[in-house]
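Structural overview
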Amino acid sequence: MIDVYIDNNIWDFVLSNEIDLKSCFPQSEFQLLISKHGRFEIEQMPDNDSTRPLKAYVYDMLQNCVEEQHRFGFYDPSLPDDEQRASGFGFGALGSVIENDMRTLLHQLHGSEDKRKETLILKKQEADIELGALSACNFVITLDKKPGPLRSAKENGGKVIFLNELSACPDRSTLEYAVKLIREEYNNQLQPTADAPAE
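Overview of the structure.

Analysis parameters
- Residues numbered from 1 in each chain as written.
- Predicted model: local features only at pLDDT ≥ 70, side-chain atom pairs only at ≥ 80, totals over all residues.
- Heavy atoms only, no water.
- Helix = DSSP H or I, 4+ residues; strand = E, 2+ residues; numbered from the N terminus.
- Rg over C-alpha atoms; globule rule 2.2 N^0.38 Å.
- Buried < 20%, exposed > 50% of the residue type's maximum accessible area, 1.4 Å probe, protein only.
- Contact = heavy atoms within 4.5 Å.
- Salt bridge = Lys/Arg side-chain N within 4 Å of Asp/Glu carboxyl O.
- Core = buried A, V, L, I, M, F, W, Y, C linked by side-chain atoms within 4.5 Å.
- Pairing = 2+ DSSP bridges.

This brings us to the overall build of the protein. Within the protein one finds 9 helices and 6 strands. Over its C-alpha atoms the protein spans a radius of gyration of 17 Å, differing by no more than 12% from the 16 Å that the globule rule assigns to 199 residues. Projected onto the principal axes, the alpha-carbon positions of the protein cover approximately 55 × 40 × 35 Å. For the protein, with 199 residues in total, the buried portion stands at 43%. Contacts in the protein between residues at least 24 apart in sequence constitute 62% of all its contacts with a sequence separation of at least 6.

This part covers the pattern of salt bridges. Side chains that differ in sign of charge can pair as their charged atoms come close. Scanning the entire structure with this criterion turns up 11 salt bridges. Ionic pairing is found between Glu 29 and Arg 183, a salt bridge with its closest N-O pair at 2.6 Å. Highlighted residues: Glu 29 in the loop between helix H2 (21-24) and strand S2 (30-35) and Arg 183 in helix H9 (residues 172-190), separated in sequence by 154 residues. Glu 29 gets classed as partly exposed once you look at its relative accessible area, which sits at 25%. The closest approach of N and O atoms between Arg 103 and Glu 130, which form a salt bridge, is 2.9 Å. With Arg 103 in helix H5 (residues 97-110) and Glu 130 in helix H6 (residues 126-134), this residue pair connects regions lying 27 residues apart in the sequence. Linked by salt bridges that have partners in common, Asp 47, Asp 49 and Arg 52 make up one network.

Another aspect to go through is the nonpolar core. Ranked by internal contacts, the top residues of the largest apolar core, which has 31 residues, are Trp 11, Leu 21, Phe 25 and Val 66. Secondary structure elements with two or more residues in this core: strand S1 (2-6), helix H1 (10-16), H2, S2, helix H4 (52-64), strand S5 (139-142) and H9. Of all the elements, H4 adds the most residues to this core, at 5 residues. Counting 13 residues, the second largest nonpolar core, distinct from the first, contains Tyr 5, Leu 106, Ile 129 and Ala 153.

What follows is about the side chain of Arg 151. As for its placement among the helices and strands, Arg 151 is situated in helix H7 (residues 149-155). The exposure class assigned to Arg 151 is buried, which follows from its relative accessible area of 18%. When near neighbours in sequence (up to four residues on either side) are disregarded, Arg 151 contacts Lys 145, Lys 146, Phe 162 and Glu 165.

This part covers the side chain of Glu 99. Mapped onto the fold, Glu 99 is located in helix H5. Judged by its relative accessible area of 8%, Glu 99 falls in the buried class. When sequence neighbours within four positions are dropped, the list of residues in contact with Glu 99 reads Arg 71, Ala 133, Leu 134, Ala 136, Cys 137 and Asn 138.

In terms of burial, S1 is largely enclosed, as 4 of its 5 residues are buried. Here 4 bridges tie S1 to S2, and the two strands are oriented parallel to one another. Of the residues in S2, the one forming a bridge with Asp 3 is Gln 31. Sheet topology note: the S1/S5 ladder contains 3 bridges and is parallel. What sits directly across from Tyr 5, in S5, is Val 140.

Set out below in C-alpha cells:
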C-alpha cells in the first residue's frame, strides 16, 4: 500500500476541479492520509457561507476515502486535551528515525512559537513541518511550492510533489501525472539495488 498525505491546500483544488479522489487513487493501491495537524487546519477554516461547502466536502472525504493518521507521542501538559499534537498507545503510529530526524531539521530551519492569530491552534509553519517530516517515509502532495518546510523537506530527500511545479495551471491531468510519478518512485524503491546480494 502506498501512503500519500494530502496538504490542506489540496482540498479546494480537488473540489473546484470536480476530481474524484477515489478514482485517481484506487483504494486497492493507495492510502490517502492527513496528519493530526491537518485535522487542526480543517477545524481552523473560517465558518461562513463561502467555506461551508468546502468543509462539508472535506468531512465527507474523511468519512469515505481519507484517513486521519496520528503520530505516537506522550501527553504535552502545556496543551489542552483537544490540542494534543500526538496520540498515545493504540492511536498513534510510531515514527521512524529518518522521519524524526527530518522533523528536527525542519524545526531548526522553520520552527516558530508564534501564531498567525491567537485563536488558532497551530503555530506558524507547524502543519507544514509535520508534513515535511512525514515526507521522509511517505509521499506528500501539495500546492505550496514557496520556500518553507515542504521545500526544505524536498531538498533533503523528502518525497514531496508540488502540483504547481508539474503544471502552471494544475488540473485533473496534473494530479493523474503526480499519481504516475508516485507509482514509479514507489516501484523503484522496491527494486533491488545493483549491490544487493543475490538470493
